[in-house]
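Structure assessment
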Amino acid sequence: SRRIKNISISKPIIYGNVAQKISDTNPLPEGAPADHTHTWKVFVADPLGNDLSSYIRKVVFKLHETYNNPTRSIEEPPFEVSETGWGEFEIVIKIYFNNDCGEKNITFYHHLKLHPYGPNMEESQKTGRVESILFDEIVFNEPTERMFRLLTAK
Ligand code: SLL
């Protein structure tokens, strides 16, 4: 499909993780190794809750190789992976756009955060909840006509 000159469209996106320490109110899920200290979820989402699948085909999360099947391919929303663990590591997040739209995939790197430090540390130590979420914008320069339709679909 042809490209539309002199147009660029940007889409807001958030990605990151939330984690919760194992406790009486957040017990270790059945089957999880006994040395795991946290439940966590890594995700890619629209900050306003809109459906990303209008232009995103799949999101691949590459976990640490200590995990079974570390490459998790999520082909429909919600684009997220829930797991348990004990350690922090870098998660590679690859976003694939819809087929035939002329866009290459893009990669984000997210440091999985489990342990409280920084501005919300005290609150976080009380609740056992930690989050690390980033806002970004994906810019599509001179999108194809097809991609333009997907990006502007309501
Ligand atoms: C490191 N930061 O670089 C550490 C790695 C690995 C985390 C942390 C559990 C995996 C499992 C888990 O939390 N791995 O037991 O399945 O060496």
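Residue indices follow the written sequence of each chain, beginning from 1 at its first position. Local features in a predicted model are, by the rule used here, given only for residues with pLDDT of at least 70; side-chain atom pairs are given and counted only at 80 or more, and totals for whole chains, interfaces and linings are based on all residues. Excluding hydrogens and water, the side-chain figures rest on all heavy atoms present in the structure.

1. Here we look at the side chain of Thr39
Secondary structure elements follow DSSP: runs of H or I of four or more residues count as helices, runs of E of two or more count as strands, with numbering from the N terminus. Its place among the elements puts Thr39 in strand S2 (residues 38–45). Only protein chains enter the accessibility calculation, which uses a 1.4 Å probe; a residue whose area is less than 20% of its type maximum is buried, one above 50% is exposed, and one in between is partly exposed. Of the residues examined, Thr39 reaches a relative accessible area of 17% and is grouped as buried. Among the polar contacts made by the side chain of Thr39, one reaches the side chain of Asn26 at a distance of 3.1 Å. Should any heavy atoms of two residues lie within 4.5 Å, those residues are considered in contact. When neighbours within four sequence positions are excluded, Thr39 is seen to be in contact with Val18, Ala19, Gln20, Ile22, Asn26, Pro29, Glu83 and Thr84. N or O atoms within 3.5 Å of each other form a polar contact, as long as, within protein, one can give a hydrogen and the other can take it, and as long as residues adjacent in sequence are counted only when both atoms are side-chain atoms.

2. Concerning the sheet that holds strand S7 (residues 106–111)
Strand order in the open sheet formed by 4 strands is S4-S3-S6-S7, and the pairing between neighbours is antiparallel. Edge positions in the open sheet fall to strand S4 (71–74) and S7, since each of these has one partner strand only. The average angle at which neighbouring strand axes cross in this sheet is 20°, direction not considered. One requirement defines pairing of two strands: DSSP has to find at least two bridges between them. Sheet topology note: the strand S3 (residues 56–62)/strand S6 (residues 90–97) ladder contains 6 bridges and is antiparallel. Looking across to S6, one finds that Lys62 is bridged to Val92. All axes are obtained by fitting lines to C-alpha atoms, using only the stretch in contact for helices, and the reported angles, taken between N-to-C directions, cover 0 to 180 degrees.

3. Brief notes about the sheet that holds S2
Strand pairing in a sheet takes place through backbone hydrogen bonds and is either antiparallel or parallel in direction. Read across the open sheet, the 4 strands follow the order S5-S2-S1-S8; overall the sheet is antiparallel. Pairing within the sheet leaves two strands with one partner each, and these edge strands are strand S5 (79–85) and strand S8 (129–141). Strand-to-strand twist of the sheet, defined as the mean angle between neighbouring strand axes without regard to direction, takes the value 10°. Where strand S1 (residues 8–21) lies against S8, 13 bridges are found, and the strand directions are antiparallel. Opposite Ala19, over in S8, you have Val130 as the bridge partner. Against the sheet, helix H2 (residues 145–152) engages S1 and S8, with an angle of about 55° to S1.

4. Topic: the confidence of the model for the protein
Reading fine detail from the predicted coordinates is not recommended where pLDDT is low. The quantity known as pLDDT measures the predictor's confidence residue by residue, on a range of 0 to 100. Of the residues in the protein, 100% have a pLDDT of 70 or more, and the chain-wide mean is 95. Confidence metrics for the complex model read pTM 0.94 and ipTM 0.90.

5. As for unusual backbone geometry
Note that the residue after Pro77, namely Pro78, is joined by a cis bond; omega there is 0°. By the secondary structure assignment, Pro78 is in the loop between S4 and S5. With a phi close to 60°, Asn6 is a non-glycine residue in the positive phi region. Structurally, Asn6 can be placed in the segment before S1. The residue Asn69 is not glycine, and still its phi comes out positive at about 40°. Relative to the helices and strands, Asn69 resides in the loop between S3 and S4.

6. Side note on the pattern of salt bridges
Every case where a carboxyl oxygen of Asp or Glu lies within 4 Å of a side-chain nitrogen of Lys or Arg is listed as a salt bridge. Applying the stated criterion across every chain yields a total of 6 salt bridges. Note that Glu80 is salt-bridged to Lys41, the shortest N-O span being 3.7 Å. Of the two residues, Glu80 is situated in strand S5 and Lys41 in strand S2; the sequence distance between them amounts to 39 residues. Judged by relative accessible area, Glu80 falls into the partly exposed class, the value being 28%. Residue Arg129 pairs with Glu131 through a salt bridge whose shortest N-O separation is 2.8 Å. Owing to a relative accessible area of 40%, Arg129 belongs among the partly exposed residues under this scheme.

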